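One-letter residues, chain by chain:
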Amino acid sequence: MTSSQPAETRTRGRSAQTATLAEIAREAGVSAPTVSKVLNGRADVAPATRSRVEELLRAHGYRRRRAEATRSPLIDLVFHELESAWAMEVIRGVENVARDAGLSVVLSESAGRLTPGRTWADQVAARRPHGVVLVLSGLDESGRALLTSRSIPFVVMDPAGDPGTDVPSVGATNWQGGLAATRHLVELGHTRIGAISGPSQMMCSRARMDGYRAALETGGLPVDPGLVMAGDFHHETGYRQGLALLRRPDRPTAVFAGNDLQALGLYEAARELGLRIPEDLSVVGFDDLPVARWVGPPLTTVRQPLTEMAEAAARLVLDLGKGEDPAAAATRVELATSLVVRSSTGAPPAGQ
């Protein structure tokens with residue numbers, strides 16, 4: 001028989017450590033094995049029962065004792081999109097750490113969503129990995145509660161939004177990178193400097209554009225909204241928005257492309273319009289993917305230490321798995337970016 005007393009009242013004054021499966025089962029009106037099935041991500045539980053049990057797990061702040069949480073030798077690596085050389089650098093970093101720890105890496109993609117769906121969460125519960133690294137993504141409250149109740153630590157790499165002070169995360173100095181990229185162009189003498197941003201909902205993209213604006217303002221140049229194009233970090237958008245910028249009668253003499261893939265799309269647009277890089281147009285990217293060194297001309301870009309960031313995220317999630325209280329180890333790790341000057345930037349054309 002279940003108690004009619006609200007869950008919030010029942011849990012008041014009781015520590016999360018004293019909540020047991022038996023208590024949660026009793027309040028949910030199910031057996032302890034059924035609660036265990038929910039914890040383990042088993043599919044043979046009715047949706048309504050699963051929701052009721054998950055709500056009680058959250059209400060109690062239940063966290064499985066580590067002695068009970070038998071783990072598979074895995075790290076879950078979750079991308080919101082898995083389709084570029086950028087992702088390969090991240091995979092390499094997580095693989096480096098996993099290999100040294102005797103673990104394997106499971107890749108999954110949230111199909112462009114910035115938070116993985118419920119199906120993914122159930123699959124992770126069933127896999128019981130050592131930890132989860134989410135890239136350019138995050139977790140909603142129910143997803144965080146699900147992993148916490150199973151004692152599965154997680155870290156967000158390059159979080160899309162503000163992950164909160166209680167969520168461990170690893171990022172880079174995006175604002176400083178945007179500032180350095182644009183300041184380089186200002187110091188070369190450019191006064192009409194365009195930009196192709198990344199997705200507006202991503203924190204890293206907003207920070208890069210804030211750095212771009214700060215460099216213009218400190219250089220005594222106005223920020224012209226007409227020279228700022230919305231992007232999505234994809235090559236095709238760099239090409240399309242590049243054409244729009246370069247066809248303007250007052251076209252920019254330099255463009256901060258927001259990331260390397262968009263910079264490569266901009267290269268294609270410039271070639272189509274008969275513009276030479278850097279004689280007619282200077283281009284700066286962001287990331288320093290391996291291809292940046294081999295395109296013609298080699299791309300000036302901001303180096304984001306992607307492999308090192310991924311290694312830091314993987315080490316952090318494994319360290320969290322060794323501690324008694326993951327919340328106590330929550331931290332924000334931020335690695336430095338640096339400008340890499342190559343051949344895609346130079347002085348503006350004479351008279352411009």
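Owing to the predicted nature of the structure, the values given are computational and were not obtained by experimental measurement.

Caption draft 1: Highlighting the sheet that holds strand 11 (residues 332–335). What the six strands build is an open sheet, ordered 2-1-3-4-5-11; its pairing is parallel. Unpaired on one side and paired on the other, strand 2 (104–109) and strand 11 mark the two borders of the sheet. The sheet shows a mean angle of 20° between the axes of neighbouring strands, direction not considered. In this sheet, strand 5 (residues 169–172) lies alongside strand 4 (residues 154–157) in parallel orientation, the contact comprising two bridges. Directly across from methionine 157, in strand 5, lies its bridge partner valine 170. Here helix 12 (residues 306–322) sits on the sheet in contact with strand 1 (74–79), strand 3 (131–135), strand 4, strand 5 and strand 11, set at roughly 165° to strand 4.

Caption draft 2: Spatial organisation of the nonpolar core. By size, the foremost hydrophobic cluster in this structure holds 36 residues, and its most contacted members are Leu77, Val135 and Met157. Among the secondary structure elements, those contributing two or more residues to this core are strand 1, helix 5 (85–100), strand 3, strand 4, strand 5 and helix 12. For this core, the element with the most residues is helix 12, which contributes ten residues. When sequence neighbours within four positions are dropped, the list of residues in contact with leucine 77 reads Val90, Ile91, Val94, Val105, Val106, Leu107, Ser108, Val133 and Val135. Residues Ile196, Leu227, Leu245 and Ala270 belong to the second largest nonpolar core, which totals 22 residues.

Caption draft 3: Just helix 12, in detail. Here helix 12 contains 17 residues, and its C-alpha end-to-end distance of 25 Å stays within 8% of the 24 Å for a straight helix at 1.5 Å per residue. Most of helix 12 sits out of view: 13 of its 17 residues are buried.

Caption draft 4: Geometry of the environment of valine 155. For valine 155, the location among the structural elements is in strand 4. For the pair formed by valine 155 and valine 135, sequence separation is 20 residues and the distance between their alpha carbons is 8.7 Å. The contact partners of valine 155, leaving out residues within four places of it in the chain, are Val132, Val133, Leu134, Pro168, Ser169, Val170, Ala313, Leu316, Val317 and Leu320.

Caption draft 5: Main features of the pattern of salt bridges. Across all of its chains, the model carries eight salt bridges by this definition. The partner of arginine 276 in a salt bridge is aspartate 280, and the shortest N-O contact between them spans 3.1 Å. For arginine 276, a relative accessible area of 49% puts it in the partly exposed group. A salt bridge links glutamate 334 to arginine 332, with the shortest nitrogen-to-oxygen separation between them at 3.3 Å. Residue glutamate 334 is classed as partly exposed on the basis of its relative accessible area, which comes to 47%.

Definitions and cut-offs
- Residues numbered from 1 in each chain as written.
- Predicted model: local features only at pLDDT ≥ 70, side-chain atom pairs only at ≥ 80, totals over all residues.
- Heavy atoms only, no water.
- Pairing = 2+ DSSP bridges.
- Helix = DSSP H or I, 4+ residues; strand = E, 2+ residues; numbered from the N terminus.
- Axes fitted to C-alpha atoms, helices over the stretch in contact; angles between N-to-C directions.
- Contact = heavy atoms within 4.5 Å.
- Core = buried A, V, L, I, M, F, W, Y, C linked by side-chain atoms within 4.5 Å.
- Buried < 20%, exposed > 50% of the residue type's maximum accessible area, 1.4 Å probe, protein only.
- Expected span 1.5 Å × (residues − 1).
- Salt bridge = Lys/Arg side-chain N within 4 Å of Asp/Glu carboxyl O.

On their own, these measurements won't tell you what the molecule is for.
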